[in-house]
Amino acid sequence: MSAHGSPPFFQPAIETAPREQIHALQLERLQKQVTWAYRRVAWYREQMQAKNIVPEDIRALDDVRLLPFTDKQTLRDTYPYGLFALPLEEVVRLHASSGTTGKPIVVGYSQQDLEVWSDCIARLVRMTGVTRADRVQMAFGYGMFTGGFGLHYGCEKLGCLIVPAGSGNTERHLMMIQDFGATVLISTPSYALYLCETGEKEGVDWAKSTLRIGLFGGEPCTPGMKREIERRMHITCTDNYGLTEVMGPGVAGECLAAREEQHIAEDHFLWEIIDPETGAALPEGAEGELVLTPLSKEAFPVLRYRTHDLTRVTTQPCACGRTHARMAKVRARTDDMLIVRGTNIFPSQVEDALSGIEGATPHYRIVLDNETGLDRMTLEVELKPEAFSDAFERLDHFRAQVAARLRQSLLVSPVVKLIEPGGIARSLGKSKRVEDRRNKA
Ligand code: DLL
């Protein structure tokens, strides 16, 4: 059988294990993980003592709810090594995630942690149809960001040929895709779109390119963006999800059967969905905040991490044969929410509204100010070349259409500014869509 025809699993026994077996493994690992954190990390011991619990209280998976939550603030308070469970001689890698203010948060990995990490990545890469016969071009940065190194070692473990180009230098990326015959691109979806446009301007015919799959992650990939990239680059876009605090990429990945959902590596991550306001557990299928407890961490155990990402999870069987639960694509974060004149708005709502408008691109920017004393929201929307016109009336009609659509779905009336094709700055990594200039004093 050719490499592309082999079954789409990296570790079939665990990826297709009966759910009872997954639950039994999760419980065993949760008990070990809690004991490990309690014994090795003063912060967890103190928190658990304050709640009057000991590791032996974890008798069933739901007992995870007895444990304290952690969040970004916990990692800031214990910066840099306060949550490490191994002496630094046994830690072989650090990664960090920059916050909006002050110091980054720092996480560490043992050799064993790196093995688990690359297994999780190899699984999600394989489930998109990538095999060892593929040539993978990396456009994530190889720095403190987990994207580059994380996906790199997983692809190598799968046996792919990896081109470690790193982030930036779009001309060089275009050249290497063509010269080395890359079949898979790893990047943020916004960078893929930028690469696509730059290629088009330089005469690249994507229909003839060897690229066939995009492994995108690190930021939301809106349905509009996905459609656009698939259509223009002639590739299949897949999404994968993760975050530095619990490992990096590798938490969940998209199979070719479920498409809009991603399988969580449940043997290594216990998920909960909670009400972001009250912290109470929500039933399967309800939308809420994802809370993750990694189950196999040595260097940096994290219990009940509040991701702030909004999603829902299902354990219904999947046509791909995997038995691990699936989470819906993350479209919004609880802390993304903008409050404009008292109305709550998520950028994903703006994206949804724009994606239904013929002539609008997925490139937009929200600018908030309150120069006049009242909140004002300006929405800059980039037009497709075919919608761009010198005719004032046509543009004005378009602007009115966008404003009406937004008023209908957001219940606020933004000032709509139309931007010429290519006029909204592209990002090489995660895109920044909101600029809040409001004076909060
Ligand atoms: O972005 C890890 C990663 C790298 C995942 C590469 C996938 C590919 P952080 O920089 O710590 O880690 O950012 C984590 O980014 O809490 C989500 O809000 C968002 N995020 C990550 N992947 C996705 C995705 C990496 N596929 C934060 N869809 C997370 C939507 C995503 N949001």
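Located above this text is the structure these notes cover.
Nothing here was measured: the structure is a model prediction, and the numbers come from that model.

Draft legend 1. Quick look at the overall build of the protein. Helix and strand content of the protein: 11 helices and 21 strands. The C-alpha radius of gyration computed for the protein amounts to 23 Å, which stays within 12% of the reference 22 Å derived for 441 residues, consistent with globular compactness. Out of the 441 residues in the protein, the part that is buried amounts to 56%. With an accessible surface of roughly 19,300 Å², the protein has 51% of that area assigned to carbon and sulfur atoms. Here the protein carries 52 positive and 58 negative side-chain charges, and the mean point of each set is 1 Å from the other.

Draft legend 2. Looking closely at the packing of helix 2 (residues 19–40) against helix 3 (residues 42–50). Between helix 2 and helix 3, the least distance of the axes is 5 Å, while the angle of their chain directions is 105 degrees. When the axes of helix 2 and helix 3 are compared, the pair comes out roughly perpendicular. Within the contact between the two elements, helix 2 uses Val34, Ala37, Tyr38, Arg39 and Arg40 and helix 3 uses Ala42, Tyr44, Arg45, Met48 and Gln49. Taken together, the residues of the contact of helix 2 with helix 3 sort by class into six nonpolar, one polar and three charged.

Draft legend 3. Looking closely at the packing of aromatic side chains. Under the criterion given, the structure shown has eight aromatic pairs. Ring geometry for phenylalanine 84 versus phenylalanine 300: centroids 5.5 Å apart, planes at 80 degrees, classification edge-to-face. Linking phenylalanine 84 in the loop between helix 4 (72–77) and strand 1 (93–97) with phenylalanine 300 in the loop between strand 11 (288–294) and strand 12 (305–311), this pair joins segments that are 216 residues apart in sequence. The exposure class assigned to phenylalanine 84 is buried, which follows from its relative accessible area of 7%. Above the ring of tyrosine 109, the side-chain terminus of lysine 297 is found at 5.9 Å from the ring centroid.

Draft legend 4. How the structure looks around the site of the ligand. Near the ligand lie 21 residues; those nearest to it are Asp239, Asn240, Thr244, Asp309 and Lys430. Backbone polar atom of glycine 218 to a nitrogen atom of the ligand: 3.1 Å apart, as the coordinates give it. In the environment of the ligand, a nitrogen atom lies 2.7 Å from a nitrogen or oxygen atom belonging to the backbone of asparagine 240. Sorting the residues of the shell around the ligand by element identifies helix 6 (146–158) and strand 7 (236–243) as the ones contributing at least two each. With five residues, strand 7 is the largest single contributor of residues to the shell around the ligand. Residue composition of the shell around the ligand, grouped by class: seven nonpolar, eight polar and six charged.

Cut-offs applied
- The written sequence of each chain sets the order in which its residues are numbered from 1.
- Note on the predicted model: pLDDT of at least 70 is required for a residue's local features to be given, and 80 or more for side-chain atom pairs to be given and counted; whole-chain, interface and lining totals, by contrast, use all residues.
- The side-chain figures draw on all heavy atoms in the structure; neither hydrogens nor water molecules are used.
- Numbering goes from the N terminus for both helices and strands, where a helix is a DSSP run of H or I of at least four residues and a strand is a run of E of at least two.
- Atoms considered for the radius of gyration are the C-alpha atoms alone. The globule rule reads 2.2 Å times the number of residues to the power 0.38.
- Accessible area is worked out with a 1.4 Å probe on protein chains only. A residue is then buried under 20% of its type maximum, exposed over 50%, and partly exposed in between.
- Methods summary: accessible areas were calculated by the Shrake-Rupley approach with a probe of 1.4 Å, and residue burial reflects only the protein chains presented.
- For the purpose of charge, His is not counted, nor are the chain termini; Lys and Arg are scored as positive and Asp and Glu as negative.
- Positions of charges follow a simple convention, taking NZ of Lys, CZ of Arg, CG of Asp or CD of Glu.
- The angle between two axes is taken between their N-to-C directions and runs from 0 to 180 degrees, where each axis is a line fitted to C-alpha atoms and a helix contributes only its stretch in contact.
- Working rule for angles: under 35 degrees goes down as roughly parallel, over 145 as roughly antiparallel, 65 to 115 as roughly perpendicular, anything else as oblique.
- Any pair of residues with heavy atoms lying within 4.5 Å of one another is described as a contacting pair.
- Polar here means any residue outside two lists: the nonpolar Ala, Val, Leu, Ile, Met, Phe, Trp, Tyr, Cys and Pro, and the charged Asp, Glu, Lys and Arg; Gly therefore counts as polar.
- Working definition: rings of Phe, Tyr and Trp (its six-membered ring) pair if their centres are within 6.5 Å, and the pair is stacked with planes under 30 degrees apart, edge-to-face with planes over 60 apart, and tilted otherwise.
- Charge over a ring is defined by NZ of Lys or CZ of Arg lying within 6 Å of the ring centre and within 35 degrees of the ring normal.
- Near residues are defined by distance, with any heavy atom within 4 Å of the molecule or strand qualifying the residue.
- Polar contacts, as counted here, are pairs of nitrogen or oxygen atoms within 3.5 Å of one another; within protein the pair requires one atom able to donate a hydrogen and one able to accept it, and residues that are adjacent in sequence qualify only if both atoms are side-chain atoms.

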